[in-house]
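# Structural overview for review
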Amino acid sequence: MADLRNNFVGIKSPNPFWLASAPPTDKAYNVERAFKAGWGGVVWKTLGEEGPPVVNVNGPRYGAIWGADRRLLGLNNIELITDRDLYTNLREMKQVKMNWPDRALIASIMVPCEENAWKAILPLVEETGADGIELNFGCPHGMSERGMGSAVGQVPEYIEMVVRWCKQYTRMPVITKLTPNITDIRKPARAAKAGGTDAVSLINTINSITSVNLDTFAPEPSIDGRGSHGGYCGPAVKPIALNMVAEIARDPETYGLPISGIGGVTTWRDAAEFLVLGAGNVQVCTAAMTYGFKIVQEMITGLSDWMDAKGHRNLDDITGRAVPNVSDWQYLNLNYIAKAKIDQDACIKCGRCHIACEDTSHQAITQFVNGVRQFEVMEEECVGCNLCVNVCPVENCITMEQLPVGDLDKRTGKIVDPNYANWTTHPNNPMARQAAE
């Protein structure tokens, strides 16, 4: 059986599934229930500085995006950091860690961007026995307007500065949580590394308005007739998160920097995708809020079964395996030729492939053959875009088949070349022509 034990920057947990800093980790009651369900670790809901706690709204805090079957695809959250007293949180964290010494307990922290503020809170957190801290530089609403959260995460110089303070004033591993609300995720990651961070976690939520009520003309969720931007999370953000994790994992300046992957993890397969793209573990929030804490049991079983089937012994066997296969566009092989192929036995004759190709692509799929309704790919028109594969409602009915070397590409009239070629040397590339001259 695959070994799922996780060692992330020296923080050990029985599996790589942690609950992210969010409402599910706001108090001991939740965290204890999560550990009983099987979660390997939690990042405690973000702590603020000593004094009056933050004030959350008392009305709706979530907006939502659903699929056609009412399945939740994304949440827009306008809740702030913990609104409970700092010392109440610290006492509960200490007790939970004593009760569950084999589980990872990380303290998420957000205080003003001042050295004394960080210097004051770090010893208090350290006294709880927490395994590490996560610097919340990601929250895009409420706190960012106060100069915290993503207001720090969007300025690499601030990130590096605060990380240096934390490394100076605590023995605990430092995980820097990055905001996705930035043009190039590599820059804040580089800054965190320069400051001495032990790891980064990403992505935090994406700034968003999910919907507008067309009767009241107020964004949802609405508070007394008005709404605000919030943080978007859930399955819909996974593609953005995967790309940003991969960007850091393959950047020469941050290569090898441990990454905790966050963003839309709902199934074991989602987790596996983050791991093979360079994440050392994953954090989950929306899936737990949608389906409950026991969802982790499916994640554990699914990941273990897949690893067993593929012969992977432990997490080290899969972590980062896909990173070498992530490329910039200009290095993709232009001599790789593929064509769509329709399995006539599986085809239900819905015609979606034909309509999509006819109206919006390359007019490469028939509607009739010899007067009979039949959908076939015309190789002389097919560019291999695979739009038809993605719109087909029948799994594996349409597949992409590579043309063997030496075969004729009927669309171009050229023989498939065995040699690798990319845009950097293509004759149509102005830069290539200038280099040749």
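Each chain carries its own residue numbering, running from 1 in the written order of its sequence. The model is predicted, so local features are restricted to residues of pLDDT at least 70 and side-chain atom pairs to those at 80 or more, both for listing and for counting; the totals for chains, interfaces and linings are taken over all residues. In computing side-chain values, all of the structure's heavy atoms are included and hydrogens and water are not.

## So, the packing of aromatic side chains
When two rings of Phe, Tyr or Trp (its six-membered ring) have centres within 6.5 Å they constitute a pair, described as stacked for plane angles under 30 degrees, edge-to-face for angles over 60, and tilted for the intermediate range. Counted under the stated rule, the structure contains 4 aromatic pairs. On the numbers, 6.5 Å between centres and 75° between planes, the contact of Trp 118 with Phe 137 is edge-to-face. Of the two residues, Trp 118 is situated in helix α3 (residues 115-126) and Phe 137 in the loop between β8 (132-136) and α4 (150-153); the sequence distance between them amounts to 19 residues. The same class applies to Trp 118 and to Phe 137, which are both buried. A run of H or I in DSSP becomes a helix once it reaches four residues, and a run of E becomes a strand once it reaches two; helices and strands are each numbered from the N terminus. Buried residues are those whose accessible area, probed at 1.4 Å on protein chains only, stays under 20% of the maximum for their type, while exposed residues exceed 50% and partly exposed ones sit between those limits.

## Section: the environment of Ile 337
Mapped onto the secondary structure, Ile 337 falls in the loop between α10 (295-310) and β17 (338-342). As a C-alpha pair, Ile 337 and Ile 355 span 18 residues in sequence and 23 Å in three-dimensional space. In this structure, Ile 337 is in contact with Glu 401, Gln 402, Leu 403, Asp 409 and Val 416, ignoring residues within four places of it in sequence. Working rule for contacts: check all heavy atoms of both residues, and any pair within 4.5 Å makes them a contact.

## Notes on the packing of helix α5 (residues 156-169) against helix α6 (residues 186-195)
In this description, a line fitted to the C-alpha atoms serves as the axis of each element, helices being fitted only across the stretch in contact, and the angle between N-to-C directions of two axes falls anywhere from 0 to 180 degrees. Between α5 and α6, whose axes approach to 7 Å, the crossing angle comes to 30°. Viewed along their axes, α5 and α6 adopt a mutual orientation that is roughly parallel. Our pair here, α5 against α6, has a crossing hand that is right-handed. When α5 is examined against α6, the residues Pro 156, Ile 159, Glu 160, Val 163, Arg 164 and Lys 167 are found in contact with a partner set consisting of Lys 187, Pro 188, Ala 191, Ala 192, Ala 194 and Gly 195. Residues are grouped as follows: Ala, Val, Leu, Ile, Met, Phe, Trp, Tyr, Cys and Pro are nonpolar; Asp, Glu, Lys and Arg are charged; all remaining types, including Gly, are polar. Residues that form the contact of α5 with α6 fall into these classes: 7 nonpolar, 1 polar and 4 charged. To sort the angles, those under 35 degrees are grouped as roughly parallel, those over 145 as roughly antiparallel, those from 65 to 115 as roughly perpendicular, and the leftovers as oblique. Note: crossing handedness is left-handed where the near helix turns anticlockwise from the far helix by less than a right angle, and right-handed where it turns clockwise.

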